[in-house]
Every structure is written in structure tokens, then in C-alpha cells.
Amino acid sequence: MHKLAWILCLALAVPAAAAADGRWYRREAAAMGTSVRVELWHADAAAAEAAMEAVLAEMRRVDALMSSFRPGSELSRINREAGARAVAVSPELFALIRRAQAISALSGGAFDITYASVGHLYNFRQGIAPDDGALEQALPAVDYRSLVLDPAARSVRFARPGMRIDLGGIAKGHAVDRAIALLRARGVREALVSAGGDTRILGDHHGRPWLTGIRDPRRPPGTSAVVLPLADTAISTSGDYERYFERDGVRYHHIISPRTGRPARAARSVTILGPDATTTDALSTTVFVLGPRAGLALVERLEGIEAVIIDAAGRVHYSSGLAPP
Ligand code: AMP
Ligand code: MG
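Residues numbered from 1 in each chain as written. Chains lettered and ligands numbered in written order. Predicted model: local features only at pLDDT ≥ 70, side-chain atom pairs only at ≥ 80, totals over all residues. Heavy atoms only, no water.

Peer 1: Describe the site of ligand 1, with residues and values.
Peer 2: Contacts to ligand 1 come from 16 residues, most closely from Tyr115, Ser238, Ile256, Asp281 and Thr285. Within the complex, the protein chains bury 96% of what would otherwise be the 500 Å² of accessible surface of ligand 1. With three residues, the top contributor of residues to the shell around ligand 1 is helix α8 (residues 277-301). Taken together, the residues of the shell around ligand 1 break down into seven nonpolar, five polar and four charged. (Near = heavy atom within 4 Å. Areas by Shrake-Rupley, 256 points an atom, 1.4 Å probe, with all protein chains shown as cover. Helix = DSSP H or I, 4+ residues; strand = E, 2+ residues; numbered from the N terminus. Nonpolar A, V, L, I, M, F, W, Y, C, P; charged D, E, K, R; others polar.)

Peer 1: An account of the sheet that holds strand β5 (residues 155-158) is needed here, citing residue identities and associated values.
Peer 2: The sheet built from three strands is open, its strands ordered β3-β5-β4 with antiparallel pairing. At either end of the open sheet lies a strand with only one pairing partner, and these are β3 (87-88) and β4 (147-150). Relative to β4, helix α4 (residues 91-106) is tilted by about 130°, and along the sheet it contacts β4 and β5. (Pairing = 2+ DSSP bridges. Contact = heavy atoms within 4.5 Å. Axes fitted to C-alpha atoms, helices over the stretch in contact; angles between N-to-C directions.)

Peer 1: Give a description of the coordination of the magnesium ion (ligand 2) that names residues and reports values.
Peer 2: In an ideal octahedron of six donors the angles at the metal are 90 or 180 degrees, and in an ideal tetrahedron of four donors they are 109.5 degrees. The coordination sphere of the magnesium ion (ligand 2) contains the protein donors Asp281 (O), Asp281 (OD) and Thr285 (OG1), at a distance range of 2.1 to 2.3 Å. Of the two residues, Asp281 and Thr285 are both situated in helix α8; the distance of four residues between them amounts to about one turn of the helix. Accessibility expressed as a relative area gives 3% for Asp281, which makes it buried. A relative accessible area of 16% means that Thr285 is categorised as buried. (Donors = N, O, S within 2.8 Å, 3.2 Å for Na, K, Ca; no water. Buried < 20%, exposed > 50% of the residue type's maximum accessible area, 1.4 Å probe, protein only.)

Peer 1: I'd love a proper account of α8, names of residues and values included.
Peer 2: End to end, α8 covers just 19 Å across 25 residues, shorter than the expected 36 Å (1.5 Å per residue, more than 12% under). At Gly291, α8 shows its maximal kink, close to 135°; a proline, Pro292, follows between one and four residues later. Most of α8 is tucked away, with 19 of its 25 residues classed as buried. The backbone nitrogen of Thr278 lies 3.2 Å from a side-chain oxygen of the residue at the head of α8, namely Asp276. (Expected span 1.5 Å × (residues − 1). Bend = angle between axes of the 7 residues up to and from the residue. Polar contact = N/O pair within 3.5 Å; in protein donor to acceptor, adjacent residues only side chain to side chain.)

Given below as C-alpha cells:
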């Protein structure tokens, strides 16, 4: 049935694409350590190409600013220097760190960019996880309350030794929001931008909703567990299949519980719907850490936010705004 829905979507898109007022343009490229996709409706080929190019350039700019893997990024400078002194940063980076801190406060620390104080001990590509001793030593530095922000100086300081931060749980959503703002400013009214698991849809699919699939976490990419019709929304999925290795039957993946320093175990994937991708990106990671019960309780408290959670046993949970009556 889900496959059918996709086919239907494609079939319906063909006549629309031939309409006189424009057509769909599509680009896919590597950026921010993932695959970035831009689709937009435009009347003018050159303007469409320029807009897609601008989106990719914007993604690369955000990555150069916020990547923890790039020694030259502002974020890396914080990680090098903020243990010794307050580091002044750009308004954009400061604002995103503040946003992350707000989500930490909202979630009782389930989302915590200082998770990186233990996170850097993992290497998923090489199959490396810290032993108990290394974890115990590093864990006290995971504490968002010890990340000191000074709005007047726009500076960041670490109040604990061994502290690090990483924006992997929120920066892609921010980049997607920036891309949508940029497209809007160029007069684009229908578009989809995604970076890895973070997507934002501007307008609709030319008179119809976009049909967006949520992957089945234990089946190959392309197999949807759920298909949602969407317009004018952001949607993010966090999954335990994105970056992981297995040892002795245990899956070590990239979403870390700040309390234990170990991969969070209560879910396989969490999808969040909301008004902007910065919010949905951060909340998908947050709800993944919280698990279905506490995660859904948080989602129900938040206006305009919905969730689809696939739990550790493969059961699907919906928030009340999505659940069938
Ligand atoms: P996402 O795919 O949006 O869930 O992001 C996962 C990424 O978020 C990881 O690769 C880490 O960079 C980062 N991350 C992992 N655990 C946490 C956490 N508890 N709080 C904030 N960020 C995290
Ligand atoms: Mg996220």
C-alpha cells in the first residue's frame, strides 16, 4: 500500500510538471557529512539553478562554521579554547547554542550538546566505543548547565575540565531552515530541502501534499514503515541505523544518553513534525534519548509538535495529533 502511494505520487506529478507556469527542479549533493537534496518549483530554469546552487553554498557555509570535524570552524575553536577562557563567537553560532541550551532545559538534559565530552570517545566507522573506566572519567563533563553563555559578550565558556560540544543534533536543521529562508527571499513558494534526516517543506507539491516516507529501521533504505502527506512543515527523523556498528550482538549507535554516556536504547527511530527544522532536528534527537513514554509526554506538552516513534520492539507510537481517533 505504501509503495502504491509513492507510485501514485509520481504519476500525479507528471501532468503537473508539464504545466505552463513552471516545473520542478531537483539537485542532490554531498554536504554537511550527508546527502543534501533540494527540489523546487520554478518558472525560470536559470533562476532555479541559481537558487539550488545558493542552497548548497549555504549548507557548506554553515558546515564550515559549525562542524566539530573541521579544525578551522568556530565550533572547533570553542572546543580548543573555552576550557581556558570565554570565547566570543558569531551571532549565528551563539544563537544556535542558546537554542540548544533551551532544548536541554526543556528535556531535563536529554538533549545536551556537551554529550560530546563522551561522544568523542566513540568512532562508529572504526567500531570503537569507550570502556567503563574511560566513560566514568569523562561523564562529569557532560552537563549543559556547566556550559556558560554570556549574551552581552556573546561568549561561551566551559566550567568543567574535559568539556566539549557538538552540534550534530541540531545544525543540519538550522542549515535547512536557512536554505528555506534563502529560497523564500528569492521568490520560491514551493520547495523541499533536506539534509540527511532533516527536511523542510515550503508550500505543497503544486496543489497536492508531499508524500513523505518514514523508513522501516530494520529494512533497507526505501522501505517505508509509515507514509505521511505533508505541506508547509518540517520533519526530522533520528534513527539508530544512521551511524552504528555492532559488537557481541549490541548495536552501538550515535545518539547518546547524556546520563549514561551510552547509546540510548528505548527507540529505533523517532520522527518529529513541527514548524521549523531547527526545532524538529533537536527534538528528534531529544525524544530518541527520552524513549517512547517520556518522549511522547514531552511532545504532548508542546504546541504544534507531533511525533512518530518506532520503539525498541518495532512498535509504532503516534502523538495524539496524528493517531487515528
Ligand atoms: P540526529 O540524527 O539529528 O538525531 O543527530 C544525531 C547526532 O546528534 C549525533 O551524531 C551527535 O552528533 C549528536 N548527539 C548525540 N547524542 C546527543 C544528545 N544526547 N544531545 C545532543 N546531541 C546529541
Ligand atoms: Mg536531530
